[in-house]
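What the coordinates show
Listed below, chain by chain, are the residues.
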Amino acid sequence: MVNLTSMSGFLLMGFSDERKLQILHALVFLVTYLLALTGNLLIITIITVDRRLHSPMYYFLKHLSVLDLCFISVTVPQSIANSLMGNGYISLVQCILQVFFFIALASSEVAILTVMSYDRYAAICQPLHYETIMDPRACRHAVIAVWIAGGLSGLMHAAINFSIPLCGKRVIHQFFCDVPQMLKLACSYEFINEIALAAFTTSAAFICLISIVLSYILIFSTVLRIPSAEGRTKVFSTCLPHLFVATFFLSAAGFEFLRLPSDSSSTVDLVFSVFYTVIPPTLNPVIYSLRNDAMKAALRKMLSKEELPQRKMCLKAMFKL
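Sequence order as written defines the numbering, with residues in each chain counted from 1. Per-residue local features are limited, in this predicted model, to residues with pLDDT of at least 70; the limit for side-chain atom pairs, both in listing and counting, is 80 or more; totals at the level of whole chains, interfaces and linings are taken over all residues. To obtain the side-chain values, all non-hydrogen atoms of the structure were included, while hydrogens and water were left out.

Identification of the chain as Olfactory receptor from Pan paniscus is taken from an unreviewed UniProt entry. UniProt positions are given in the numbering used here, feature names are shortened, and annotations may be inferred rather than shown by experiment. Its UniProt record, at the heading Sequence similarities (unreviewed entry), says of the chain: "Belongs to the G-protein coupled receptor 1 family." Of the chain, the UniProt comment under Subcellular location (unreviewed entry) reads exactly: "Cell membrane".

Set out below in structure tokens:
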């Protein structure tokens with residue numbers, strides 16, 4: 001048992017107090033984490049080694065996989081360790097870092113999904129100007145802006161959230177340091193700055209969602225005018241997975257952040273937190289690889305007997321460097 005009155009950190013309640021359920025949760029999260037790790041690393045490797053995939057769309061997809069890999073690594077390994085040890089304690093420094101990286105990576109993911117939707121809009125609706133609009137320099141600047149915007153968002157949330165005086169017990173009814181759940185620990189009227197910042201961040205995410213939806217409305221209106229059924233199918237197979245990923249992630253995260261945190265543990269809070277912290281990084285590699293012929297062809301080529309010796313030589317050269 002953790003002494004709640006003397007600890008400087010926080011107590012994460014997690015999913016259950018029962019030991020058997022804690023072990024089950026750890027095993028499920030471990031399998032999920034390994035799947036996410038394998039899938040995202042595979043996408044990063046395929047796009048890096050296959051020159052045919054060196055285009056803006058796959059450049060952004062590779063950065064999405066990097067973000068997914070980092071995003072799920074912020075919360076899941078800590079939760080697995082807590083469940084295996086039967087101890088939900090997390091230190092103040094760990095909680096600060098978790099909030100910073102969680103918000104930074106989530107904000108960056110929203111931004112990269114918005115950039116990816118604009119890339120698809122430029123490719124389909126303005127094909128003659130696509131190479132000019134999405135030239136390598138513009139792509140690099142867009143990715144740099146994504147990472148900087150995410151970092152600033154995480155820094156502001158962490159700085160404001162942990163400057164608020166806490167009046168309640170340091171118990172968080174989540175499996176990670178979730179900002180909405182932490183707000184109920186604050187003294188009355190002391191968290192107005194964090195509320196204002198959360199409202200600004202939510203508004204920015206909503207603007208990104210509107211931009212994504214508008215981009216795909218224009219894309220689908222253009223696609224429906226394509227006479228070739230094969231061409232329409234190819235575009236839909238590329239765009240629909242991205243639209244599903246963006247709406248699923250933003251809807252689940254938005255629902256959780258717009259809800260007022262309850263005074264007790266809520267199954268709904270836990271379920272929706274899993275929807276936007278664990279499921280998207282795990283499903284994204286499956287969605288993008290299974291619905292993309294170029295990715296499947298690159299994977300088959302990379303695993304073919306003719307290509308394996310060359311890949312091994314490239315990997316050895318990389319490790320020597």
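This part is about the environment of Pro 241. Each helix is a run of DSSP H or I of at least 4 residues and each strand a run of E of at least 2, with the numbering of both proceeding from the N terminus. Locating Pro 241 in the fold gives a position in helix 8 (residues 229-258). Relative accessibility decides the category of a residue: with a 1.4 Å probe and only protein chains considered, values under 20% of the type maximum give buried, values over 50% give exposed, and everything between is partly exposed. Looking at Pro 241, the relative accessible area reads 6%, which means it is buried.

Attention now moves to the nonpolar core. Residues enter a nonpolar core if they are buried and are Ala, Val, Leu, Ile, Met, Phe, Trp, Tyr or Cys, with the set joined through side-chain atoms within 4.5 Å. Ranked by size, the top nonpolar core spans 75 residues in total, and within it Phe 60, Leu 61, Leu 113 and Ile 219 carry the most contacts. For this core, the element with the most residues is helix 3 (residues 92-125), which contributes 15 residues. Note on definitions: a residue-residue contact is assigned when non-hydrogen atoms from the two residues lie within 4.5 Å. If we ignore the near neighbours within four places in the chain, the residues touching Ile 219 are Ser 117, Arg 120, Tyr 121, Ile 124, Cys 125, Val 235 and Cys 239.

To continue, consider the UniProt feature "transmembrane region" (unreviewed entry) in the chain. Here, the residues flagged by UniProt with the feature "transmembrane region" (unreviewed entry) are residues 23-47, 59-76, 96-118, 139-160, 195-223, 235-258 and 270-290. Secondary structure within residues 59-76 divides into 100% helix and 0% strand; the distance between the first and last C-alpha atoms comes to 26 Å.

Packed helices, taken two at a time, are described by the angle between their axes plus the distance between the axes. Across the interface, helix 1 (residues 19-49) lies against helix 2 (residues 56-85) with an axial gap of 9 Å and an inter-helix angle of 160 degrees. The orientation of helix 1 relative to helix 2 falls into the category roughly antiparallel. Relative to helix 2, the crossing made by helix 1 is left-handed. Ten residues, namely Ala, Val, Leu, Ile, Met, Phe, Trp, Tyr, Cys and Pro, are considered nonpolar, four, namely Asp, Glu, Lys and Arg, are considered charged, and the remaining ones, Gly among them, are considered polar. Broken down by class, the residue content of the contact of helix 1 with helix 2 amounts to 21 nonpolar, eight polar and three charged. To obtain each axis, a line is fitted to C-alpha atoms, and for helices this fit is confined to the stretch in contact; angles are then taken between N-to-C directions over 0 to 180 degrees. Between 65 and 115 degrees an angle is taken as roughly perpendicular, under 35 as roughly parallel, over 145 as roughly antiparallel, and anywhere else as oblique. Two helices cross in a left-handed way if the nearer one is turned anticlockwise from the farther one by less than a right angle. They cross in a right-handed way if the turn is clockwise.

One fewer than the residue count of a helix, multiplied by 1.5 Å, yields its expected span. Given a rise of 1.5 Å per residue, 34 residues ought to cover 50 Å, and the 49 Å separating the end C-alpha atoms of helix 3 matches this to within 8%. Most of helix 3 is tucked away, with 24 of its 34 residues classed as buried.

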